[in-house]
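Single-letter residue listing:
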Amino acid sequence: MSLLDKSLGEIATTIPGATSVFHQHKLDFCCGGSQSLAEALAKKQLPPTQVVEQLQKLLNSGEKMTDWRSVPVKQLIEHILERYHQRHRQQLPELCRLARRVEHVHATANDCPTGLADHLEDMYQELESHMMKEEQILFPMLARGIYPSGPISVMEEEHIQHGDALQKLDALTNNITLPDGACNTWTALYLGLKELKEDLMNHILLENEILFVEWEPSAQPAEKHMCCGSCQ
């Protein structure tokens, strides 16, 4: 099967560095992970040559990445909790503080991200509620080999909402683009926003494409999920 025929989710979870390529070309590999690379490129009206060459170069590099489909579910859950849940709880309060500072000091600037702090606080509340439901209800069930369609569907629906929140974040920050002459606080804020966006998209990818899919090691991940819009 050629790279163009593979889903974005499969490529993102099997080729080290593929998510950076997808970020560069604004291809939604998390909530839109079920679409093939060819379909995603066609929607963006992008020629496939450059993207395929970038991905093929990564493949040829021989770099290895963890195949999370091959590890026990409990180990994957522990990784998600430590790498993403704990990290989001560190990221968002500080980003809220930085955004408040930037909005206060640069309130009269035309490119000030007015409303960003409130939006980040809303994101934090929604994400905290989401993670608590996973930690208290869904993850313990998955660890026991139970894949409840109802709770999984609710979490997937909330993932789409998180993608919408990332889309609004991009709109408020001109796609997280620093204005000329930005101060150190503004620079730190936007660096943190880029990290948050990448982390949240990778977090959603792992859950949608691997953790939430009940499958045998020899099987392929299920085709599913509508694009959340975060990479539009």
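I will try to describe carefully the structure that is included in this document. Just so you know, these numbers come straight off a predicted model, no measurement behind them.

### Structural notes on the overall build of the protein
(1) Moving on: Counting its secondary structure elements, the protein contains eight helices and zero strands.
(2) Moving on: Taken against the 2.2 N^0.38 rule, which gives 17 Å for 232 residues, the C-alpha radius of gyration of the protein at 18 Å falls within 12% of a compact globule.
(3) Moving on: Taken along its principal axes, the extent of the C-alpha atoms in the protein is 60 × 45 × 30 Å.
(4) Moving on: Every one of the 232 residues in the protein was classed for burial, and the buried ones make up 46%.
(5) Moving on: The long-range share in the protein, meaning contacts at least 24 apart out of those at least 6 apart in sequence, stands at 76%.
(6) Moving on: Accessible area of the protein: about 11700 Å², with a carbon and sulfur share of 50%.
(7) Moving on: A distance of 3 Å separates the average location of the 20 positive side-chain charges in the protein from that of its 33 negative side-chain charges.

### Let's talk about the packing of aromatic side chains
(1) Moving on: Applying the stated rule across the entire model yields two aromatic pairs.
(2) Moving on: Taking 6.3 Å as the distance between ring centres and 80 degrees as the angle between the ring planes, the aromatic pair formed by Trp-186 and Tyr-190 counts as edge-to-face. On the criterion of helical spacing, the pair formed by Trp-186 and Tyr-190 is a turn pair, its members being four residues apart in helix 8 (residues 184–211).
(3) Moving on: For Tyr-190, a relative accessible area of 3% corresponds to the buried category.

### A closer look at unusual backbone geometry
(1) Moving on: For Lys-26, which is not a glycine, the phi torsion comes out positive at approximately 55 degrees.
(2) Moving on: As for its position among the elements, Lys-26 is in the loop between helix 2 (18–24) and helix 3 (37–44).
(3) Moving on: According to the relative accessible area criterion, Lys-26 is partly exposed, its value standing at 36%.
(4) Moving on: In the Ramachandran plot, Asn-174 falls in the positive-phi region, its phi being about 55 degrees despite a non-glycine side chain.
(5) Moving on: With respect to the helices and strands, the residue Asn-174 is situated in the loop between helix 7 (149–172) and helix 8.

### Thoughts on helix 4 (residues 48–60)
(1) Moving on: Here helix 4 is 13 residues long and its end C-alpha atoms lie 18 Å apart, about the 18 Å a rise of 1.5 Å per residue gives.
(2) Moving on: Once helix 4 ends, the next one or two residues include Gly-62, with phi positive near 80 degrees.

### Describing the packing of helix 5 (residues 73–105) against helix 6 (residues 116–143)
(1) Moving on: Put simply, helix 5 and helix 6 touch, their axes get as near as 9 Å, and they point 165 degrees apart. As far as their axial angle goes, helix 6 and helix 5 are roughly antiparallel. Handedness of the crossing formed by helix 5 with helix 6: left-handed.

### A word on the environment of Phe-139
(1) Moving on: On the secondary structure map, Phe-139 appears in helix 6.
(2) Moving on: Residue Phe-139 is classed as buried on the basis of its relative accessible area of 3%.
(3) Moving on: Separated by 138 residues in sequence, Phe-139 and Met-1 place their C-alpha atoms 33 Å apart.
(4) Moving on: Setting aside chain neighbours within four positions, we find Phe-139 in contact with Ile-77, Ile-80, Leu-81, His-85, Glu-134, Glu-207, Leu-211 and Phe-212.

### A closer look at the nonpolar core
(1) Moving on: In terms of nonpolar packing, the biggest core is built from 41 residues, with Phe-22, Leu-37, Leu-55, Leu-120, Leu-189 and Leu-193 touching the most fellow members.
(2) Moving on: Looking at this core, the elements with two or more residues in it are helix 1 (8–14), helix 2, helix 3, helix 4, helix 5, helix 6, helix 7 and helix 8.
(3) Moving on: Here this core gets nine residues from one element, more than from any other, and that element is helix 8.
(4) Moving on: Apart from the residues within four sequence positions on either side, Leu-120 is in contact with Leu-92, Leu-95, Cys-96, Ala-99, Leu-169, Leu-193 and Leu-196.
(5) Moving on: Listed in part, the 15 residues of the second largest apolar core include Trp-68, Val-71, Tyr-84 and Leu-206.

### Focus: the side chain of Asp-199
(1) Moving on: Residue position: Asp-199 is located in helix 8.
(2) Moving on: Here Arg-83 takes part through its side chain, which lies 2.9 Å from a polar atom of the side chain of Asp-199.

Cut-offs used in this document
Residues numbered from 1 in each chain as written. Predicted model: local features only at pLDDT ≥ 70, side-chain atom pairs only at ≥ 80, totals over all residues. Heavy atoms only, no water. Helix = DSSP H or I, 4+ residues; strand = E, 2+ residues; numbered from the N terminus. Rg over C-alpha atoms; globule rule 2.2 N^0.38 Å. Buried < 20%, exposed > 50% of the residue type's maximum accessible area, 1.4 Å probe, protein only. Contact = heavy atoms within 4.5 Å. Areas by Shrake-Rupley, 256 points an atom, 1.4 Å probe, with all protein chains shown as cover. Lys, Arg positive; Asp, Glu negative; His and termini not counted. Charge placed at Lys NZ, Arg CZ, Asp CG, Glu CD. Phe/Tyr/Trp six-rings, centres within 6.5 Å; stacked < 30°, edge-to-face > 60°. Expected span 1.5 Å × (residues − 1). Axes fitted to C-alpha atoms, helices over the stretch in contact; angles between N-to-C directions. Parallel < 35°, antiparallel > 145°, perpendicular 65-115°, else oblique. Left-handed = near helix turned anticlockwise from the far one by under 90°. Core = buried A, V, L, I, M, F, W, Y, C linked by side-chain atoms within 4.5 Å. Polar contact = N/O pair within 3.5 Å; in protein donor to acceptor, adjacent residues only side chain to side chain.

Just geometry here; none of it tells us what the structure is for.
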